[in-house]
Amino acid sequence: MYDVIIIGGGPAGLTAAVYACRAGKRVLVVEKDGFGGQIAQSPRVENFPGFASVSGTELADRLLSQAMDQGAEVELEEVTEVRAEGAVKTLCCASGAQFTARAVILAAGAKPRMLGLAREEELTGKGVSYCAVCDGAFYKGSDVAVVGGGSSALQDALLLSESCRRVYLIHRRESFRGEAALAAALARRDNVEILRSAQVKALLGEDELRGVVVDCAGQRRELALDGLFIAVGAQPDLAAFAPLLALDDAGYAAAAEDCRTPTAGLFVAGDCRKKTVRQLTTAVADGAVAALAAVEWLDSV
Ligand code: NAP
């Protein structure tokens, strides 16, 4: 029996682990994919205080080592259900494993949002990707496109422009939501073409992606492509825990600033929490707040 189990090994979850361990609690972090969460896919982070520039993977490695050095145990498992029966919470995993704890911190992050195009799922891994850092190297010397107008899309386009022959950035508006510094860096690349007020309407290719049809401000354009990188934000995946949470229409878990949920002993932290600013800094802040709230709750029951 653990004092605290943290679901999700991203910045919020690993920070929560550091704080809960330092408060003397027995802590387990359960992660289903890879530790570090979304930040592990960021080529360069330049807005984390204290680090002028650091790669997402290095930051993820440091967070994990710090949590483990403080005594956190870790498991690679997919939690499919949390049962809250009396004072004990039981976590059921896809493998059949079960873990029990008195308090649970849900820091499950968010998963990439899909564009919702016909055959998008079928062509994923066959030219369609949601991770330029993971898959960009396969497209050296090729023609690719990135969809989106946030910092992720701008960063992905910058990264791909270093090794690809041509990069199109397809954004549905005239202006970018992402950081101005990234947009300015992109405008200086001569192998990048930015298509504004543009939307991908169809994916071309049978067994693998060969191109896309784009509506560019009312004009139909066909782009021949080897790869399409979709970076249109993320959405939470909390359906499995819905009975214990108050989810808003977009699927985020409502919780007060102290990260408490309507279920006693269940806390929520990071990108899956309903809030207005989702940044690395706000994720780690949530992790600290949720852990301290969980410690206070454990010590009071
Ligand atoms: P985001 O900021 O939510 O941006 C998503 C982009 O995708 C927006 O431009 C949005 O368009 C577009 N979009 C959404 N749905 C779409 C659809 N169905 N079709 C076409 N376009 C669509 O997501 P993000 O870029 O992944 O960033 C997430 C968070 O991480 C942000 O807070 C960001 O600042 C942060 N981040 C920071 C860094 C960094 O500092 N190094 C790097 C990456 C991300 P609209 O603009 O029209 O809504």
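Before reading on, note that the structure itself is shown above.
Residues numbered from 1 in each chain as written. Predicted model: local features only at pLDDT ≥ 70, side-chain atom pairs only at ≥ 80, totals over all residues. Heavy atoms only, no water.

Trainee: Tell me about the sheet that holds strand 12 (residues 198–204), and name the residues and values.
Mentor: A sheet is described by the order of its strands in space; here three strands give the open sequence 12-13-14, paired in antiparallel fashion. Both outer strands of the open sheet, strand 12 and strand 14 (219–224), are each paired with one neighbouring strand and no more. Each strand axis lies, on average, 25° off the axis of its neighbour in the sheet, ignoring direction. Here six bridges tie strand 12 to strand 13 (residues 211–216), and the two strands are oriented antiparallel to one another. Bridge assignment links Val200 to a residue of strand 13, and that residue is Val214. (Pairing = 2+ DSSP bridges. Helix = DSSP H or I, 4+ residues; strand = E, 2+ residues; numbered from the N terminus. Axes fitted to C-alpha atoms, helices over the stretch in contact; angles between N-to-C directions.)

Trainee: Now, about the pairing of strand 3 (residues 73–76): what can you tell me, with residues and values included?
Mentor: Alignment of strand 2 (residues 27–31) against strand 3, held across four bridges, turns out to be parallel. Paired with Leu28 across the strands is Glu73, a residue of strand 3. The β-α-β motif built from strand 2, the intervening helix 2 (residues 56–69) and the parallel element strand 3 has right-handed crossover chirality. (Right-handed = clockwise from strand over helix to strand, strands pointing away.)

Trainee: Can you tell me about helix 5 (residues 180–187), naming the residues and giving the values?
Mentor: Among the residues of helix 5, those classed as buried are Leu182, Ala183, Ala185 and Leu186. Here the buried residues of helix 5 occupy an arc of 160° about the axis, which is enough to place them on one side. Exposed residues pointing more than 90 degrees away from the buried face of helix 5 are listed as Ala180, Ala181 and Ala187. (Buried < 20%, exposed > 50% of the residue type's maximum accessible area, 1.4 Å probe, protein only. Arc of directions from axis to C-beta.)

Trainee: Could you give an account of the sheet that holds strand 8 (residues 128–129), with specific residues and numbers?
Mentor: Spatial ordering of the open sheet is given by 8-15-9-10-11, a layout of five strands whose pairing is parallel. What marks the edges here is a single partner per strand, and that holds for strand 8 and strand 11 (192–195). Here five bridges tie strand 9 (residues 143–147) to strand 10 (residues 166–170), and the two strands are oriented parallel to one another. Its bridge partner lying in strand 10, Val144 is registered against Val167.

Trainee: Tell me about the site of the ligand, residues and numbers included.
Mentor: As a matter of local geometry, the ligand sits amid 19 residues, with Asn47, Ser152, Arg173, Arg177 and Gln279 nearest to it. Between Gly150 and the ligand, the recorded distance is 3.3 Å, taken from a backbone N or O atom to an oxygen atom. Taking Gln279, its side chain carries an N or O atom lying 2.8 Å from an oxygen atom of the ligand. For the ligand, whose accessible area on its own is 910 Å², the fraction buried by protein is 77%. Class assignment of the residues belonging to the shell around the ligand gives a composition of three nonpolar, nine polar and seven charged. (Near = heavy atom within 4 Å. Polar contact = N/O pair within 3.5 Å; in protein donor to acceptor, adjacent residues only side chain to side chain. Areas by Shrake-Rupley, 256 points an atom, 1.4 Å probe, with all protein chains shown as cover. Nonpolar A, V, L, I, M, F, W, Y, C, P; charged D, E, K, R; others polar.)

Trainee: Can you tell me about the packing of aromatic side chains, naming the residues and giving the values?
Mentor: A full pass over the atoms with the stated rule returns two aromatic pairs. Aromatic side chains Phe48 and Phe51 sit 6.0 Å apart centroid to centroid with 40° between the ring planes, which places their arrangement in the tilted category. Since its relative accessible area comes to 17%, Phe48 is described here as buried. Judged by relative accessible area, Phe51 falls into the partly exposed class, the value being 26%. Measuring from ring centre to ring centre gives 5.4 Å for Tyr139 and Phe229, while their planes differ by 85°; the resulting arrangement is edge-to-face. Of this pair, Tyr139 sits in the loop between helix 3 (132–135) and strand 9 while Phe229 sits in strand 15 (residues 227–230); the two residues are 90 residues apart in sequence, bridging distant segments of the chain. When sorted by exposure, Tyr139 lands in the same class as Phe229, which is buried. Just above the ring of Tyr2 sits the side chain of Arg26; from NZ or CZ to the centre is 4.1 Å. One Lys or Arg, Arg278, reaches over the ring of Tyr252 and ends 3.8 Å from the middle of that ring. (Phe/Tyr/Trp six-rings, centres within 6.5 Å; stacked < 30°, edge-to-face > 60°. Lys NZ or Arg CZ within 6 Å of the ring centre and 35° of its normal.)

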